[in-house]
Amino acid sequence: MQRTSAKTQTPRTKSRPRKPRDMTWTVYTSLRESILNGALPPGESLSQVQLATKLGVSRGPLREAVRMLQREGLVEAEVNRRGRVSSFSIDDLEQLYAMRIVHESLAIRITVPRFTQRDIDALVNCLRRMEALAGHDLRQWQAVDREFHFTLVAHAGDRLMRTIRELYHHADRYRWV
């Protein structure tokens, strides 16, 4: 007779509480998306009480998510003060694009020798789609533009790709303004 553990007998259900780490990631992703798409505008004060209530979480995962956003540069906070969505500045924009140029140039240099015909076809397809969308649907055009840029650097390696994605997403904040 084969024994099964309690883990295999009880499937995970929606009623089981989520782990704090999962909650932190959920809160982080939600807040990050709200900041990047402008739902939380630059300079917006982040009340932990209000955000915890709105997101249906305790303040622990919320605090950790805000710390993660601080490390990423999307939230500014002073000791014993509320966090605030990072403001826009010309200096930040110049630094952001300087970093993108350096990282994407390196990534393209690494990627191009590794291109396959499939990669080239994907780039051509992106260009055609962007041309068709120009002047019609900016959100769709930007999604295809993102696909184009990420295809250009696709073979650069995981670490470089993470940095490029983060910089690209930060630039989205400026583009939407």
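The preceding data block contains the structure.
Below, the structure is looked at part by part. Remember, it's a predicted structure, so these values are computed and weren't measured experimentally. (Residues numbered from 1 in each chain as written. Predicted model: local features only at pLDDT ≥ 70, side-chain atom pairs only at ≥ 80, totals over all residues. Heavy atoms only, no water.)

Topic: the packing of helix H3 (residues 48–55) against helix H4 (residues 59–72)
Filter applied, for reference: Angles here are taken between N-to-C directions and fall from 0 to 180 degrees, while the axes themselves are lines fitted to C-alpha atoms, restricted in helices to the stretch in contact. A helix here means a DSSP run of H or I that spans at least four residues, while a strand means a run of E at least two residues long, and both kinds are numbered starting from the N terminus. An angle below 35 degrees is treated as roughly parallel, one above 145 as roughly antiparallel, one from 65 to 115 as roughly perpendicular, and anything else as oblique. Should the near helix be turned counterclockwise from the far one by less than a right angle, the crossing is left-handed, whereas a clockwise turn marks it as right-handed. Working rule for contacts: check all heavy atoms of both residues, and any pair within 4.5 Å makes them a contact. Any residue that is not Ala, Val, Leu, Ile, Met, Phe, Trp, Tyr, Cys, Pro, Asp, Glu, Lys or Arg is counted as polar, Gly included; the first ten are nonpolar and the last four charged.
At a minimum axis distance of 10 Å, the contact between H3 and H4 shows a crossing angle of 110°. As far as their axial angle goes, H4 and H3 are roughly perpendicular. Our pair here, H3 against H4, has a crossing hand that is right-handed. Here Gln48, Val49, Leu51, Ala52 and Leu55 of H3 come into contact with H4, specifically with Arg59, Leu62 and Arg63. Considering only residue class, the contact of H3 with H4 consists of five nonpolar, one polar and two charged.

Things to note about the environment of valine 112
As a reminder, the rule being used: Each residue gets one of three labels from its accessible area relative to the maximum for its type: buried under 20%, exposed over 50%, partly exposed in between, using a 1.4 Å probe on protein chains only.
Within the secondary structure layout, valine 112 lies in the loop between helix H5 (90–111) and helix H6 (117–133). You can call valine 112 partly exposed: its relative accessible area is 41%. Separated by 44 residues in sequence, valine 112 and alanine 156 place their C-alpha atoms 9.2 Å apart.

A word on helix H7 (residues 138–152)
Here is the rule: Here the expected length of a helix is defined as 1.5 Å per residue gap, with one fewer gap than residues. Contacts described as polar in this section are N or O atom pairs within 3.5 Å, which, within protein, must combine one atom able to donate a hydrogen with one able to accept it, while residues neighboring in sequence count only if both atoms come from side chains.
For H7, built from 15 residues, the straight-helix expectation of 21 Å at 1.5 Å per residue is met to within 8% by its first-to-last C-alpha distance of 21 Å. Within H7, burial applies to Gln142, Val144, Asp145, Phe148, Phe150, Thr151 and Leu152. Where H7 is buried, its residues contact H5, H6 and helix H8 (158–176). Its side-chain oxygen 3.2 Å from the backbone nitrogen of arginine 139, aspartate 137 forms the N-cap of H7.

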